[in-house]
Amino acid sequence: MSRSGIQKSVRMFHKFSEETMRRRGGDQAGRESLSALSDIAAVLKGEQLFTGSLLEPLGAFTNLLQSSQLPPDFGDYSFGDAILAIEEAHAELRQSAEQRWEFAPEVTDEAAQALSDFMPEPAAAPRAPDHAAKLRRFVLDAAQKAEPTSALVVGALACPDLPLAELAARFQRLTLSDLDLPRLQALVQTAVPEEHRDRVKLERYDVTGSYVAFAADVKEIVAGAAGPAEAERKLTELLESYDVGAGSAGLAFAEEKPSLAISAMLLSELGRGYERCIQGALLARGWDSEATGREPLAPALELLRCLVAQHHIHALLRRARSAALISAVSEVELRGGPGTKGTPASEPRDLLHVEQLVERLPEIAEIKAEQSWECRQDRPGTAEKRSLLTLVEAVLV
C-alpha cells in the first residue's frame, strides 16, 4: 500500500473532475463528489479525520481506479489499500493523543453474559443447497492445497454449511472460534465424528477485539447522559475515536500461523452488534432506539464496521499461511420465492462498500483462487412472498 500513491491519484482525479465541470458545467451531485474528493485528500494529508459519510465516495473512486477506465498514471489502488492509507494518516494525526481503544479478543465467562447483542444468531432458515455445495467445495479445495498440520475456522458459528467433519479428518489440529462456547461445543458434537473430536480445539475469541470494552463504554455513556442528545453526541465520539491499527488485529490466541484460516459468511456480519448494543442502552433509558439509523450515529457506526472488517482481512493475510475468505457482497430483495423469476422489490445493497470482494483486498494479497455465486432464500414474515438474492464471493489468498 502506498499512501503517497493514493494521495497522487486523488489529486489527479480531483483536478480532472474540476476541469470537466468547468468545461461542461456541473450539477449538485458533481459538486458534492468534488467536495468529497477534497475531504478525502485532506484526510490523506493528515489534516482531518475520515468520517462515515465519505465511505460511499471513496468506494466509487477506488472502483473507478480498478475498472481500467482511467489512464495507468492514476494507479489501480483498491478500497482496502485506501482504508489502510487512511489509517496511516489517522495514526499520524493522533500521534500525541492517548490511545482510546485496544485489540482485546479475550472474553471471560462473566463478560460473555453481557454480550448477547454480539452473539451470532442461529440461521433462521437453511441456506440454498447449491450455495452450501459451492461453499463446501471451495473450502475443501483450499484445504487440499494447504499443509495438513493446522486449520482455524474464525467465527465458526456464522456459517452452518462448513465441512467440519472433512476438515477434522484432513488436519492434525482444527481450531474453531466464536463468542458462544456452549454452541461451539454442541456444533462439534453434531458435525464432527467422535474419532476426530480429539483434534478439535475450541476458543472463545472476539475477532474484532472490541466487544467487551464497547458494551461497557456504551452502558456508561448512556447511563450518565442527561438526555438523548448528549447520549448521541458522546456515542458518536466513541464510535469515531476508534484508533486500533490493522496490524494489531488477530485471529487466534496461538502465535503459530495455521496452514489454513477460514472465514466464511462472517465479514459482512462483523460489528452488527454495535448497533444493537446502542439501541438496547437507549431503550433502557426510554429514548429513541431508531437514532442509530440516522445522523450522526448511522455513518459513525458504518465506518466502525468497515474498519473492523478491513482489520479482519488484514489479519487473515498476515497471521495465516493461507486463508479462504467467503462473504456475502451484495443483496437485493425480490418479489416471489426461490424457483420463480422474481422482480426486484428494492435497490441492490452493497454489504462491503465495494462491488467485488477482491476490492477489499490490499495489494499485499496474492489471490490463488476465486469464485462467485448467487444464493436465494425465502424472506419469511412478509405479506407477499419474497426472497433475498445474495451475491457470495470467495477468495483463497
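Preceding block: the structure.
In this report, the structure presented in the accompanying data block is examined. Here the structure is a predicted model, which means the values were calculated and not measured.

### Re the packing of helix α1 (residues 3-24) against helix α3 (residues 55-66)
In contact at an axis separation of 12 Å, α1 and α3 are set at 95° when each is read in the N-to-C sense. As far as their axial angle goes, α3 and α1 are roughly perpendicular. Across the interface between the two elements, Ser9, Val10 and Phe13 of α1 pack against Phe61, Leu64 and Leu65 of α3. A breakdown of the residues in the contact of α1 with α3 according to their chemical character gives five nonpolar, one polar and no charged.

### Quick notes on α3
Because an α-helix completes one turn every 3.6 residues, residues spaced three or four positions apart along the sequence face the same direction. Here α3 is twelve residues long and its end C-alpha atoms lie 16 Å apart, about the 16 Å a rise of 1.5 Å per residue gives. Along α3, the residues that are buried comprise Leu55, Leu58, Gly59, Phe61, Thr62, Leu64 and Leu65. Contacts made by the buried residues of α3 are with α1, α2 (28-44), α4 (79-93) and α12 (297-318).

### Details of the pattern of salt bridges
Using the criterion set out here, one finds 16 salt bridges in the structure. As a salt-bridge pair, Arg276 and Glu121 come within 3.9 Å of each other at their nearest N and O atoms. Taken together, the positions of Arg276 in helix α11 (residues 272-284) and Glu121 in the loop between α5 (109-112) and α6 (129-145) put the pair 155 residues apart, joining distant regions of the chain. Where Glu237 meets Arg233, a salt bridge forms, and the shortest distance between an N and an O atom there is 3.4 Å. Here Glu237 and its partner Arg233 are both found in helix α10 (residues 228-240), four residues apart, which amounts to about one turn of the helix. Taking the relative accessible area as the measure of exposure, Glu237 reaches 43% and is therefore partly exposed. What you see here is one network of salt bridges that share partners, running through Arg3, Glu88 and Glu92.

### What about α1?
When the terminal C-alpha atoms of α1 are compared, their 31 Å separation across 22 residues agrees well with the 32 Å that a helix rising 1.5 Å per residue should span. Within α1 the residues assigned to the buried category are Arg3, Gly5, Ile6, Gln7, Ser9, Val10, Phe13, His14, Ser17 and Thr20. Buried residues along α1 sit against α2, α3 and α4. Count one or two residues on from α1 and you reach Gly25, which has phi positive near 85°.

### Quick notes on a positive patch on the surface
A cluster of basic side chains, namely Lys257, Arg318, Arg319 and Arg321, defines a positive patch on the protein surface. Looking at the element boundaries, Lys257 is found in the loop between α10 and β4 (260-264).

### Side note on the nonpolar core
Counting 87 residues, the largest nonpolar core has Phe50, Phe118, Phe214, Val218 and Ile278 as its most contacted members. In terms of residue count, the dominant contributor to this core is α12 (13 residues). Membership of the second largest hydrophobic core comes to 37 residues, among which are Val153, Val200, Met265 and Ala394.

Rules behind the numbers
- Residues numbered from 1 in each chain as written.
- Predicted model: local features only at pLDDT ≥ 70, side-chain atom pairs only at ≥ 80, totals over all residues.
- Heavy atoms only, no water.
- Axes fitted to C-alpha atoms, helices over the stretch in contact; angles between N-to-C directions.
- Helix = DSSP H or I, 4+ residues; strand = E, 2+ residues; numbered from the N terminus.
- Parallel < 35°, antiparallel > 145°, perpendicular 65-115°, else oblique.
- Contact = heavy atoms within 4.5 Å.
- Nonpolar A, V, L, I, M, F, W, Y, C, P; charged D, E, K, R; others polar.
- Expected span 1.5 Å × (residues − 1).
- Buried < 20%, exposed > 50% of the residue type's maximum accessible area, 1.4 Å probe, protein only.
- Salt bridge = Lys/Arg side-chain N within 4 Å of Asp/Glu carboxyl O.
- Patch = residues over 30% accessible without salt bridge, like charges linked within 9 Å, V, L, I, M, F, W, Y side chains within 5 Å.
- Areas by Shrake-Rupley, 256 points an atom, 1.4 Å probe, with all protein chains shown as cover.
- Lys, Arg positive; Asp, Glu negative; His and termini not counted.
- Charge placed at Lys NZ, Arg CZ, Asp CG, Glu CD.
- Core = buried A, V, L, I, M, F, W, Y, C linked by side-chain atoms within 4.5 Å.

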